[in-house]
Amino acid sequence: MTRQRPYWRQRLILLGLLGWLVPAMAIAAVLDVTAPPSTPLVGRYLEYLVDESGALTATQVSQLPASRWQRTDSDNPNFGFSTKVYWLRLHLANPSPRSQQRLVSIDYPVLDDIQLFHADSRGMAHLGTLGDSHPAARNPLPNPWFLQALELPAQGTSTLYLR
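This one's a predicted model, so the numbers in the text were calculated from it and none came from an experiment.

Caption draft 1: A look at a nonpolar patch on the surface. A surface patch of nonpolar side chains, about 440 Å² in accessible area, is lined by Phe81, Tyr108, Val110 and Leu111. Counting through the fold element by element, Val110 comes out in the loop between strand E5 (100-106) and strand E6 (114-120). Given a relative accessible area of 43%, Val110 falls into the partly exposed group.

Caption draft 2: Summary view of the nonpolar core. Leu92, Ile114 and Leu162 are the most contacted members of the largest nonpolar core, which totals 18 residues. Put simply, the parts of the chain that give this core at least two residues each are strand E2 (46-51), strand E4 (85-94), E5, E6, strand E8 (146-152) and strand E9 (156-162). The dominant element in this core, judged by the number of residues it contributes, is E4, at four residues. The residues contacting Leu92, other than those within four sequence positions of it, are Val30, Leu31, Val33, Leu150, Leu152, Gly156, Thr157, Ser158 and Leu160. With 10 residues, the next largest nonpolar core counts Leu49, Ala58, Val61 and Trp87 among its residues.

Caption draft 3: The side chain of Ser158, seen in detail. When you line up the elements, Ser158 lands in strand E9. Judged by relative accessible area, Ser158 falls into the buried class, the value being 6%. Of note is the side chain of Ser158, whose polar atom sits 2.9 Å from the side chain of His118. The contact partners of Ser158, leaving out residues within four places of it in the chain, are Leu90, His91, Leu92, His118, Ala119, Asp120 and Leu152.

Quick notes on the rules
- Residues numbered from 1 in each chain as written.
- Predicted model: local features only at pLDDT ≥ 70, side-chain atom pairs only at ≥ 80, totals over all residues.
- Heavy atoms only, no water.
- Patch = residues over 30% accessible without salt bridge, like charges linked within 9 Å, V, L, I, M, F, W, Y side chains within 5 Å.
- Areas by Shrake-Rupley, 256 points an atom, 1.4 Å probe, with all protein chains shown as cover.
- Salt bridge = Lys/Arg side-chain N within 4 Å of Asp/Glu carboxyl O.
- Helix = DSSP H or I, 4+ residues; strand = E, 2+ residues; numbered from the N terminus.
- Buried < 20%, exposed > 50% of the residue type's maximum accessible area, 1.4 Å probe, protein only.
- Core = buried A, V, L, I, M, F, W, Y, C linked by side-chain atoms within 4.5 Å.
- Contact = heavy atoms within 4.5 Å.
- Polar contact = N/O pair within 3.5 Å; in protein donor to acceptor, adjacent residues only side chain to side chain.

Written out as structure tokens, the structure reads:
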């Protein structure tokens, strides 16, 4: 007759590890803007949510719990053609002692309306409006893609929101 080992200890340890790992996996990845390459594919750093009402503001979106956001699993996320309102969120870090200037490039020219917002220790700022439903002459940087300049404060973190 063999004696059964008490597996409750292993199960308890496994549950404890899972309880520690699951929240750690939900933490958003942060893109270091000083790390090479200088033009990274940011898809795997993005999080998104679907704004069912289409009425959320950037401030409201920035205050939503992390559980409302979903991570993308692609270098180039594709949501297909849709009339839904999507919000994208990108966490950025500039560990350098100097502020950094970067360009946000949206390489998909058939998007109708793109609103860009930047949140850092100074607060939330509307960076601009882009999209093919707006006159090209209004684009801050003439280019076939949608470009927006972004300044990242020295030794700081910030979040870029796109609607």
